[in-house]
Amino acid sequence: MSDAELILRSTRVITPEGSRPAAVAVAGGRITAVLPYDTPVPAGARLEDLGDHVLLPGLVDTHVHVNDPGRTHWEGFWTATRAAAAGGITTLVDMPLNSLPPTTTVDHLRVKREVAADKAHIDVGFWGGALPDNVKDLRPLHESGVFGFKAFLSPSGVDEFPHLDRDRLARSLTEIAGFDGLLIVHAEDPGHLDAAPQRGGPRYADFLASRPRHAEDTAVAELVAQAKRLHARVHVLHLSSSDALPLIAAAKADGVRVTVETCPHYLTLTAEEVPDGASEFKCCPPIRESANQDLLWQALADGTIDCVVTDHSPSTADLKTDDFATAWGGISGLQLSLPAVWTQARRRGHGLEDVVRWMSTRTAALVGLSRKGAIEAGRDADFAVLAPDETFTVDPASLQHRNHVTAYAGKTLYGVVKSTWLRGERIHTDGEFTAPKGRLLTRTP
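Reference entry: report on the structure contained in this document.

Procedures and definitions
Residues numbered from 1 in each chain as written. Predicted model: local features only at pLDDT ≥ 70, side-chain atom pairs only at ≥ 80, totals over all residues. Heavy atoms only, no water. Phe/Tyr/Trp six-rings, centres within 6.5 Å; stacked < 30°, edge-to-face > 60°. Helix = DSSP H or I, 4+ residues; strand = E, 2+ residues; numbered from the N terminus. Buried < 20%, exposed > 50% of the residue type's maximum accessible area, 1.4 Å probe, protein only. Core = buried A, V, L, I, M, F, W, Y, C linked by side-chain atoms within 4.5 Å. Contact = heavy atoms within 4.5 Å. Right-handed = clockwise from strand over helix to strand, strands pointing away. Pairing = 2+ DSSP bridges. Axes fitted to C-alpha atoms, helices over the stretch in contact; angles between N-to-C directions. Parallel < 35°, antiparallel > 145°, perpendicular 65-115°, else oblique. Left-handed = near helix turned anticlockwise from the far one by under 90°. Nonpolar A, V, L, I, M, F, W, Y, C, P; charged D, E, K, R; others polar.

Time to look at the packing of aromatic side chains. Summed over the entire model, instances satisfying the criterion amount to eight aromatic pairs. Ring geometry for Y204 versus F324: centroids 5.4 Å apart, planes at 70 degrees, classification edge-to-face. Of this pair, Y204 sits in helix 6 (residues 204-210) while F324 sits in the loop between strand 14 (307-308) and helix 11 (337-347), and the two are 120 residues apart along the sequence. No difference in accessibility class separates Y204 from F324, as the two residues are buried.

Written as structure tokens, this is what we have:
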């Protein structure tokens, strides 16, 4: 305590042991102690008294499409990391597509890191990509510090990132299992997608029918079978189909090394509320019915689903046409993910401790970031300060995302992020930002 440079005091600090009044001591960018609330402030330390605002560990979002370089007019590191900071996110891991070039070779990773280096307001790591023709690049990318490898089992939507068929999935997963890496997978079966009705047009019901649940379920089953055969580590991305949950629960019980995420839009938005022509709600797999959503929440509560991430996948407004077949599929959610999830979580009887577990602790653990994800001694002093009972109405113009397109427009949400801290420095307060202070992260051996 004597070496503390900063003390953050709150009546509600979310720690691994639960919520309690506490004083959090910080020195050298790390948490040095979590102490009783009324511990005297040592000489030379600065006190930040947060009152009744809640002190959370900074969120860790492991599924973000920054699109920089190449499609920076869709998003970029400067805007994406500002939006993240405004939403209480202090670490993100960038997906290997929709940037140009995609992060599928060591040279492409170097380009991505150079672009991000002076623009990151928060800490940033990188996923690599697994393509049909880059098996030889997977180990070098792993050794260069990517956190794992993204693959699609159906077309990705961009030509430069083709999907893996069953044989190529097996080849890539065999290689990745050889160095105990992690494969993260967009699991929709292309055969089921091709067989589904493809009507196009503005009706959301038609779009929903074009991405049936059994396309997800079949692809998840194939991934689980291959992971079991190879004793490989796999992660199911953005699960939307509740029908896949029994299979996943059984696989986990059987010792298959599988983890699963879902997203704020699947937990807070429903198919019943999507207006026809409103393609700001389009994503793949799609937002499904309210009964399906209830089962996703149950799976979060019982641990079948491990974590919640945004799958922030923005585009320019002109690509969000009123034809669901041709509109770009992606939800912009970085700035709003915490209040969106918290609004629904509190209604369903969950606490902020649960939200922190889903959106910080488990996401940090997924990618092995042992210094992130919790308020305890030895971790980075990354924090979000939240007023959980305050509300706001989403105004797209107020978002930090490059393109102000959001499925949450006009919604009233609980939870106002008052400030965000990175390694003991306040980087965001009430819409004001410091100069970029983020670091580029690599996987630790």
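Another aspect to go through is the nonpolar core. The nonpolar side chains of soluble globular proteins are, as a tendency, buried together. Core analysis: the biggest nonpolar cluster contains 97 residues, and L56, F149, L183 and L239 have the highest contact counts within it. For this core, the element with the highest residue contribution is helix 1 (residues 77-86), accounting for six residues. Apart from residues no more than four positions distant in its own chain, L239 is found in contact with E216, V220, A244, L245, I248, V260, E261, T262, Y266, L296 and I305. In this structure, V13, L55, I375 and A381 belong to the second largest nonpolar core, which totals 14 residues.

Here strand 13 (residues 258-262) lies mainly inside the structure; four of its five residues are buried. In this view, the connection linking strand 12 (residues 233-236) to its parallel neighbour strand 13 by way of helix 8 (residues 245-253) has right-handed handedness. For strand 13 and strand 14, the ladder comprises two bridges, and the chain directions are parallel. Its bridge partner being in strand 14, T262 is matched across the sheet by V308.

Our focus in this paragraph is helix 11. A large share of helix 11 lies buried, amounting to nine of its eleven residues. Listed as buried for helix 11 are S337, L338, P339, A340, V341, W342, T343, Q344 and A345. In the segment just after helix 11, G349 is the residue with positive phi, at about 90 degrees.

In contact at an axis separation of 10 Å, helix 11 and helix 12 (residues 352-366) are set at 135 degrees when each is read in the N-to-C sense. One element, helix 11, and the other, helix 12, form an angle in the oblique class. Considering the relative orientation of helix 11 and helix 12, their crossing is right-handed. Of the residues in helix 12, those in contact with S337, L338, V341, W342 and A345 of helix 11 are L352, V355 and M359. A per-class count over the contact of helix 11 with helix 12 returns seven nonpolar, one polar and no charged.

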